[in-house]
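Fold and contact review
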Amino acid sequence: MKYDVLQILGVALIVLGGQGAIRQLVDRSNVGLLGWLPGGFAASITVYLVAVAIGAVVAGWACGQAKAVGRRS
């Protein structure tokens, strides 16, 4: 069960980070959730891309652990 939750959280990070990064690249003035972050465009795009990377690592790890336990095929 915990691997399912971690996989869902990882995918949610991928979706939120990817959506934010794409929106930021299309319209640089629309910072979205990270409007409070100092540093402008470079800082916010970096945080969005780091969220995507962390989400991918967490989701991949959780999927691998679920397979090792026998919950996935």
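Residues numbered from 1 in each chain as written. Predicted model: local features only at pLDDT ≥ 70, side-chain atom pairs only at ≥ 80, totals over all residues. Heavy atoms only, no water.

Let us look at the environment of glycine 10. By the element assignment, glycine 10 lies in helix 1 (residues 2-26). Along the backbone, glycine 10 and lysine 67 are 57 residues apart, and their C-alpha atoms lie at a distance of 16 Å. Beyond its immediate chain neighbours, meaning those up to four positions away, glycine 10 contacts Gly55, Val58 and Ala59. (Helix = DSSP H or I, 4+ residues; strand = E, 2+ residues; numbered from the N terminus. Contact = heavy atoms within 4.5 Å.)

Per the stated rule, a full pass over the model turns up one aromatic pair. Judged by centre distance (5.9 Å) and plane angle (70°), the ring pair of tyrosine 3 and tryptophan 61 falls under edge-to-face. Taken together, the positions of tyrosine 3 in helix 1 and tryptophan 61 in helix 2 (residues 40-69) put the pair 58 residues apart, joining distant regions of the chain. It is arginine 28 that lies over the ring of phenylalanine 41; its NZ or CZ is 4.1 Å from the centre. (Phe/Tyr/Trp six-rings, centres within 6.5 Å; stacked < 30°, edge-to-face > 60°. Lys NZ or Arg CZ within 6 Å of the ring centre and 35° of its normal.)

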